[in-house]
Amino acid sequence: MRGKGPTEASRPMGSGLRSLKLCPFILLPGLSLSSCSGSHSALDPAGPEASYVAHLFFVMLFGGIVIWIAVVAALIYAARKKRVHSEESAGRIILWCGAILPTLVLGALLSYGLWMMPAIRPWVPDEQQVRRIEVTGEQFWWRVRYLDEAGEVMFETANEVRIPVGEPAHFSLRAADVIHSFWVPSLGGKMDMIPGRTNPLTLTADRQGTYRGVCAEFCGQSHALMAFTVRAVQPEAHETWLAERRASKPLDAEGLAVFLNNGCGACHAISGTAANGRIGPDLTAFGERGTLAAGALPHTTEDIARFVADPGDIKPGVKMPHFGMLPEDDINKIAAFLKELK
Amino acid sequence: MKSVIPKEVESLWTLFTAPTVWALHFVGCYAAVAIYCAKAASFDFGFDTVRLALGGLTVLALVVIVLSAYLAWRQWGFGSGDPPHDEPTRKDRTLFQGFATLLLAGLSFVAVVYVAIPLIFIAECQR
Ligand SMILES: [Cu+2]
């Protein structure tokens, strides 16, 4: 995640010029191999909104290549100077290719983009946006609240969003501190989260799967470690999950006492326990999550222990105090408890 | 028929006419749509009326720009001489100004059209 990629770091300095010349040829196959597929690629769309974004990209890419080839061809032609052209014909070329053609191309692109806008960013009237998912960007994690038909909060979770496949998911995007931006490249374009505002965004996943979302607006030291997971599941499974999460069942486990005794419950809530803090991420069913600390770490017992002992070491500027002073045994108990929390 | 167009317009102000029209059209379009959409509930006409009105404003703006382009073209001697018109003479100064005004009018024309294109595509207020 941090630092340069191996290819970038290990490339000898001297070959810079040569690789620059070959750049377009290296770049294209390189791009298609490394970043055109995967759980967070705008070029591997998993829903209609993202398909339009990808479409737009390829139209622009193709158009750019055509124009680039034309300019280079004209350059080569001019450099060889086989035939002499009059100043007048040069002026005509400047007028047509330098003013009129770009005006038409830009006008066409503008119209094309505007025409595509409703598909890229479907607009759903307020009253049809039932069962919204309210996501609040916080330094450096995501508060996720599921609302019912009446707009009341059913339950809260964090850093992971579940949506039903094939149905539009309506997000209400907010920010608690600074501007963040909500972006799930596989599912659509990004949308800023602005303090004091609620921005609506509708995304649809066509394919079942797990997609990665990121914060796309610099928001502080750990901005690059502020990611989340979107799970697109079958609608029935989604309903079951919603019902399960709404029903809070009393919970007791060995680690819970250690968790509560060390004051974690002042900032974290776990449904069915005395922990009801609202400052940090809700940890109910934390064991089901795929990642830890907003995608900063894998979800393993060791990493949970490591994070609890020194969160600031993993996420600089994090709003959670470090607990390295606790006996190692306590930290391990908490980590094991959280890892298994269902 | 006596022409309504003045025989000679030769002040620096003509240079700014077209860009000014573009700026006013731009502000007019954005302000009208923003205000309408913020207060749509309190108006008893639809968004299409706003679009039509702004379409009218666009035509008006384009007409003024074409007129200013015509005056500039005339000042430029209808293209009788070739640029760059850089002699330190009164004649060249006039021609240069005419030519510059003509180019600015062309730019403003395109800009007004671009500003108006969204009116065709954006059919409703969104929040
Ligand atoms: Cu952020």
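Residues numbered from 1 in each chain as written. Chains lettered and ligands numbered in written order. Predicted model: local features only at pLDDT ≥ 70, side-chain atom pairs only at ≥ 80, totals over all residues. Heavy atoms only, no water.

1. Let's talk about the sheet that holds strand β4 (residues 160-164) of chain A
In any sheet, the strands associate via hydrogen bonds between backbone groups, in a parallel or an antiparallel arrangement. Residue and element names in this part refer to chain A. Short version of the rule: Pairing between two strands is assigned when DSSP locates at least 2 bridges connecting them. In this description a helix means any DSSP run of H or I spanning at least four residues, a strand means any run of E spanning at least two, and both kinds are numbered starting from the N terminus. Only the stretch in contact is used when a helix axis is fitted, and all axes are lines through C-alpha atoms; the angle between N-to-C directions ranges over 0 to 180 degrees. Contact definition: two residues touch when any of their heavy atoms are within 4.5 Å.
Sheet architecture is open: five strands sit in the order β4-β10-β9-β6-β7, paired in mixed fashion. With one partner strand each, in any of the chains shown, β4 and β7 (191-193) form the two edges of the open sheet. Sheet twist, expressed as the average angle between the axes of neighbouring strands with direction ignored, equals 25°. Relative to strand β10 (residues 227-233), β4 is paired through five bridges, and the arrangement is parallel. Looking at β10, one finds that E160 is bridged to T229. In the packing of helix α5 (residues 235-246) onto the sheet, the strands contacted are β4 and β10, and the crossing angle to β4 comes to about 130°.

2. With respect to the packing of helix α6 (residues 254-261) of chain A against helix α9 (residues 328-339) of chain A
Residue and element names in this part refer to chain A. What counts is decided by this rule: Just so you know how the angles are binned, under 35 degrees is roughly parallel, over 145 roughly antiparallel, 65 to 115 roughly perpendicular, and the rest oblique. Handedness of a crossing follows from how the near helix is turned relative to the far one, being left-handed for an anticlockwise turn of less than a right angle and right-handed for a clockwise one. Side-chain classes are defined by residue name, with Ala, Val, Leu, Ile, Met, Phe, Trp, Tyr, Cys and Pro counting as nonpolar, Asp, Glu, Lys and Arg as charged, and the others, Gly among them, as polar.
Direction vectors running N to C along α6 and α9 enclose 120°, while the axes themselves pass 8 Å from each other. In this view, α6 runs oblique relative to α9, as classed from their interaxial angle. The chirality of how α6 crosses α9 is left-handed. Taking contact as the criterion, the partners of E254, G255, L256, V258 and F259 in α6 are, on α9, D330, K333, I334, F337 and L338. Residue composition of the contact of α6 with α9, by class: six nonpolar, one polar and three charged.

3. Points about the pattern of salt bridges
Residues and elements named next belong to chain A. To be explicit about the condition: Here a salt bridge means any side-chain nitrogen of Lys or Arg lying within 4 Å of a carboxyl oxygen belonging to Asp or Glu. Residue burial is assigned from relative accessible area. The probe radius is 1.4 Å, only protein chains are included, and a residue is buried under 20% of its type maximum, exposed over 50%, and partly exposed in between.
Inspection of every chain in the model, using the stated rule, returns 17 salt bridges over all chains. Across the pair E156 and R278 runs a salt bridge, and its minimum N-O distance is 3.9 Å. With E156 in strand β3 (residues 153-158) and R278 in the loop between α6 and β11 (291-292), the pair connects residues that are 122 residues apart, well separated along the chain. Of the residues examined, R278 reaches a relative accessible area of 41% and is grouped as partly exposed. A salt bridge links R306 to D303, with the shortest nitrogen-to-oxygen separation between them at 3.1 Å.

4. Concerning the interface of chain B and chain A
Accessible area lost on assembly of the parts is the figure often given for the size of an interface. Our working rule: Reported buried area values correspond to the accessible surface (1.4 Å probe) lost by two parts on association, with both partners' losses combined.
Tallying the contact residues gives ten residues for chain B and twelve residues for chain A. A buried area of about 940 Å², summed over both sides, lies between chain B and chain A, and 70% of it is on carbon and sulfur atoms. At the surface where chain B touches chain A, the tally comes to zero salt bridges.

5. Some details on the sheet that holds strand β5 (residues 169-175) of chain A
Residues and elements named next belong to chain A. Spatially, β3-β2-β1-β5-β8 is the arrangement adopted by the five strands of the open sheet, whose pairing is mixed. Both edges of this open sheet fall to β3 and β8 (199-203), since each of them pairs with a single strand only. In this sheet, neighbouring strand axes are inclined to one another by 25° on average, regardless of whether the strands run parallel or antiparallel. In the sheet, strand β2 (residues 141-147) pairs with β3 via five bridges, with the strands oriented antiparallel. Within β3, the position partnered with Y146 by the bridge is F155. Relative to β3, α5 is tilted by about 95°, and along the sheet it contacts β2 and β3.

6. Some thoughts on the state of the cysteines
This is how it is decided: In this description, a disulfide is simply a cysteine sulfur pair whose atoms lie within 2.5 Å.
As enumerated under the stated definition, the model contains one disulfide over all chains in all. Two residues, C37 of chain B and C125 of chain B, share a disulfide whose sulfurs are 2.0 Å apart. Taking the sign of the S-S torsion, about -80° here, the bridge from C37 of chain B to C125 of chain B comes out left-handed. With C37 of chain B in helix α1 (residues 12-38) and C125 of chain B in the segment after α3 (90-121), this residue pair connects regions lying 88 residues apart in the sequence. With relative accessibility at 19%, the residue C125 of chain B sits in the buried group. As a non-bridged cysteine, C264 of chain A has C267 of chain A as the owner of its nearest cysteine sulfur, 8.7 Å distant. With relative accessibility at 11%, the residue C264 of chain A sits in the buried group.

7. Quick look at the coordination of the copper ion
Residues and elements named next belong to chain A. To keep things clear, this is the line we draw: As a rule, N, O and S atoms within 2.8 Å of a metal are its donors, except that Na, K and Ca use 3.2 Å; water is not among the atoms, so sites may look incomplete. Under the classification used here, a metal with four donors is tetrahedral if each angle lies between 85 and 135 degrees, square planar if opposite donors are over 155 degrees apart and the others between 65 and 115, a six-donor metal meeting that same test is octahedral, and anything else is irregular.
Coordination of the copper ion by the protein is provided by H180 (ND1), C215 (SG), C219 (SG) and M226 (SD), with metal-donor distances spanning 2.1 to 2.6 Å. Around the copper ion sit four donor atoms; with metal-centred angles ranging over 96 to 121°, the donor geometry is tetrahedral. Here the donor residues of the copper ion share one chain and are spaced in sequence as H-x34-C-x3-C-x6-M. Of this pair, H180 sits in strand β6 (residues 180-183) while M226 sits in the loop between β9 (209-215) and β10, and the two are 46 residues apart along the sequence. In this structure H180 comes out as buried when scored by relative accessible area, which is 0%. Looking at M226, the relative accessible area reads 1%, which means it is buried.

8. Remarks on the nonpolar core
Residue and element names in this part refer to chain A. Worth spelling out the cut-off: Only buried residues count toward a nonpolar core, which is a set of Ala, Val, Leu, Ile, Met, Phe, Trp, Tyr and Cys residues joined through side-chain atoms within 4.5 Å.
Membership of the largest hydrophobic core comes to 36 residues, with the highest contact counts inside it found for W142, Y146, I163, F171, F182 and L187. Apart from the residues lying within four places of it in its own chain, the contact partners of L187 are A46, E49, A50, I163, L203, T204, A205, Y211 and V230. In this structure, L256, A293, A296 and F307 belong to the second largest nonpolar core, which totals 27 residues.

9. Side note on the domain arrangement of chain A
Residue and element names in this part refer to chain A. Stated formally: By convention here, the domain bounds are inherited from an automatic or database domain assignment. The term polar contact refers here to a pair of N or O atoms within 3.5 Å; inside protein, the definition further demands a hydrogen-donor-capable atom paired with an acceptor-capable atom, and it admits residues adjacent in sequence only when both atoms are side-chain atoms.
We note that the domain assignment places domain 1 (48-120), domain 2 (131-246) and domain 3 (253-339) within chain A. Computed over C-alpha atoms, the centres of domain 2 and domain 3 are 21 Å apart. Counting the surface lost from both domain 2 and domain 3, the interface buries some 1,600 Å², and carbon and sulfur atoms represent 43% of this. Where domain 2 packs against domain 3, one counts two salt bridges. Taken together, the links from domain 2 to domain 3 amount to eight residue pairs in polar contact (both at pLDDT 80 or more). When residues of the side of domain 2 that touches domain 3 are traced back to their parent elements, those giving at least two are β2, β3, β4, β10 and α5. Considered class by class, the residues forming the side of domain 2 that touches domain 3 number eight nonpolar, six polar and seven charged.

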